[in-house]
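Inside the fold
Here's the letter readout for the chains.
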Amino acid sequence: MEPAFRVGDRVVRNPATWVPNDFDSWGRGEGVGVVVEPPFALDAPDVDVRWPGGRCFEAVSGLLPAPPD
């Protein structure tokens, strides 16, 4: 079962299931992202993630909980 993420959760990309796309060129999936409130309802199981390089909608299957600091 995929983990459920809530607004405020810290996430990293899951290297085993990450699906690259054109947004990877600006840093999508790099570092630690934070799940944020999306501007509109998303299809489950997607979440809105603010990465250090910007925001992107992500499939939950491509994410893992970030390790503690």
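Quick note: structure is the one above.
Attention in this report is confined to the structure presented alongside it. Within every chain, residues take consecutive numbers counted from 1 along the sequence as written. Two thresholds apply to this predicted model, a pLDDT of at least 70 for residue-level local features and 80 or more for giving and counting side-chain atom pairs, whereas whole-chain, interface and lining totals are computed over all residues. Excluding hydrogens and water, the side-chain values take into account all heavy atoms of the structure.

With respect to the nonpolar core
For clarity, the cut-off: Among the buried residues, those of types Ala, Val, Leu, Ile, Met, Phe, Trp, Tyr and Cys that are joined through side-chain atoms within 4.5 Å form a nonpolar core. For every residue, the accessible area obtained with a 1.4 Å probe (protein chains only) is divided by the maximum for its type, and the residue is called buried under 20%, exposed over 50%, and partly exposed between those limits. What counts as a helix is a DSSP run of H or I of at least four residues, what counts as a strand is a run of E of at least two, and both are numbered from the N terminus. We call two residues in contact when some of their heavy atoms are within 4.5 Å.
Formed by Phe5, Val11, Trp18, Val35, Val47, Val49, Trp51, Cys56, Val60 and Leu63, the largest nonpolar core amounts to ten residues. Tallying contributions element by element places strand S3 (residues 46–51) first for this core, with three residues. Ignoring sequence-local partners within four residues, the contact set of Leu63 consists of Phe5, Val11, Val12, Arg13, Asn14, Trp18, Val47, Val49, Trp51 and Glu58.

Comments concerning the environment of Asn21
Stated formally: Polar contacts here mean pairs of N or O atoms no more than 3.5 Å apart (in protein, one a potential hydrogen donor and the other a potential acceptor; neighbouring residues in sequence count only if both atoms are side-chain atoms).
As for its placement among the helices and strands, Asn21 is situated in the loop between strand S1 (10–13) and strand S2 (33–36). A polar contact of 2.8 Å, which involves the side chain of Asn21, links it to the backbone nitrogen of Phe23.

As for the pairing of S2
The line we're drawing: When DSSP finds at least two bridges between two strands, those strands are taken to pair.
When S1 meets S2, the two strands line up antiparallel, connected through two bridges. In the sheet register, Arg10 faces S2, and the bridge partner there is Val34. In this structure, S2 lies alongside S3, joined through three bridges in antiparallel fashion. Paired with Val35 across the two strands is Val49, which belongs to S3.

Considerations on the packing of aromatic side chains
Here the distance between the centres and the angle between the planes together describe a pair of aromatic rings. What counts is decided by this rule: Each Phe, Tyr or Trp ring (for Trp, its six-membered ring) is paired with any other whose centre lies within 6.5 Å, and the angle between the two planes then decides the class: stacked below 30 degrees, edge-to-face above 60, tilted in between.
Going through the model one piece at a time under the given rule, you end up with three aromatic pairs. Taking the centre distance of 6.0 Å and the plane angle of 90° together, the rings of Trp18 and Trp51 count as edge-to-face. A residue pair is termed long-range when its members are at least 10 positions apart, and Trp18 in the loop between S1 and S2 and Trp51 in strand S3 qualify at 33 residues. Classification of Trp18 as buried rests on a relative accessible area of 12%. Since its relative accessible area comes to 2%, Trp51 is described here as buried. Measuring from ring centre to ring centre gives 6.1 Å for Phe23 and Trp26, while their planes differ by 65°; the resulting arrangement is edge-to-face. Accessibility expressed as a relative area gives 45% for Phe23, which makes it partly exposed. Classification of Trp26 by relative accessible area gives partly exposed; the value is 31%.

Focus: the pairing of strand S4 (residues 54–59)
The pairing of S3 with S4 spans six bridges and is antiparallel. Bridge pairing links Val49 to Cys56 in S4.

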